[in-house]
Amino acid sequence: MLVLSILSLALASFSAILCFTVQEDVIRASLGCVAVLSILVTLFFAPWALKLTLAAVPFGVERFYRLSQNTPLE
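This is a predicted model, so every value here is computed, not measured.

*Asks:* Any chance you could explain the overall build of the chain here in plain terms?
*Replies:* Assigned secondary structure in the chain consists of 3 helices and 0 strands. Starting at the N terminus and ending at the C terminus, the chain contains elements arranged as α-α-α. C-alpha extents for the chain along the principal axes are approximately 45 × 35 × 15 Å. Going through the 74 residues of the chain one by one, you find that 16% of them count as buried. For the chain, restricting intrachain contacts to residue pairs at least 6 apart in sequence, the fraction spanning at least 24 positions comes to 45%. Accessible surface, the chain: about 5,900 Å² in total, of which carbon and sulfur atoms supply 76%. Measuring between centres, the 4 positive side-chain charges of the chain sit 11 Å from its 4 negative side-chain charges.

In structure tokens form, the structure reads like this:
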């Protein structure tokens, strides 16, 4: 089950990257839909360890950004 979740997450990431680089609107919309659906499938079928990792990454990035800006944490 973990392998399928990681493959779905990889598909979502690849689709999102292509969505920002492609110029045609129809292809961008379809790639965006594929990315969103893949993320939802990943979050639904993923084990708890992967869900917690995906939830913790934005917090870690935000904390790293604040530390690099030398602003106090709230």
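*Asks:* Quick question: what am I supposed to make of the packing of aromatic side chains here?
*Replies:* Centre distance and the angle of the planes are the two values used to describe a pair of aromatic rings. Going through the model one piece at a time under the given rule, you end up with 0 aromatic pairs. Here the guanidinium or amino end of K51 rests over the ring plane of W48, the centre of that ring lying 4.9 Å away.

*Asks:* Hey, could you run me through helix α3 (residues 48-69) in this one?
*Replies:* Side chains three or four residues apart in an α-helix point the same way, a direct result of the helix having 3.6 residues per turn. When the terminal C-alpha atoms of α3 are compared, their 32 Å separation across 22 residues agrees well with the 32 Å that a helix rising 1.5 Å per residue should span. Of all the bends in α3, the largest measures some 30 degrees and sits at A56, one to four residues before the proline P58. Positive backbone phi, at 60 degrees, marks N70, one or two positions downstream of α3.

*Asks:* Is there a simple way to explain the side chain of S15 in this structure?
*Replies:* The residue S15 is located in helix α1 (residues 2-21) in this model. The residues touching S15, leaving out its near neighbours within four places in the chain, are L31, V34 and A35.

*Asks:* What is the right way to look at the pattern of salt bridges in this model?
*Replies:* A side chain with one charge can pair with a side chain of the opposite charge if their charged atoms come near. Within this structure, the stated rule accounts for 1 salt bridge. Salt-bridge contacts for R66 lead to E62; the nearest nitrogen and oxygen are separated by 2.3 Å. Residue R66 and its partner E62 are both found in helix α3; the two are separated by 4 residues, about one turn of the helix. By relative accessible area, E62 is classed as partly exposed at 36%.

Each value, and the rule that gives it
Residues numbered from 1 in each chain as written. Predicted model: local features only at pLDDT ≥ 70, side-chain atom pairs only at ≥ 80, totals over all residues. Heavy atoms only, no water. Helix = DSSP H or I, 4+ residues; strand = E, 2+ residues; numbered from the N terminus. Buried < 20%, exposed > 50% of the residue type's maximum accessible area, 1.4 Å probe, protein only. Contact = heavy atoms within 4.5 Å. Areas by Shrake-Rupley, 256 points an atom, 1.4 Å probe, with all protein chains shown as cover. Lys, Arg positive; Asp, Glu negative; His and termini not counted. Charge placed at Lys NZ, Arg CZ, Asp CG, Glu CD. Phe/Tyr/Trp six-rings, centres within 6.5 Å; stacked < 30°, edge-to-face > 60°. Lys NZ or Arg CZ within 6 Å of the ring centre and 35° of its normal. Expected span 1.5 Å × (residues − 1). Bend = angle between axes of the 7 residues up to and from the residue. Salt bridge = Lys/Arg side-chain N within 4 Å of Asp/Glu carboxyl O.

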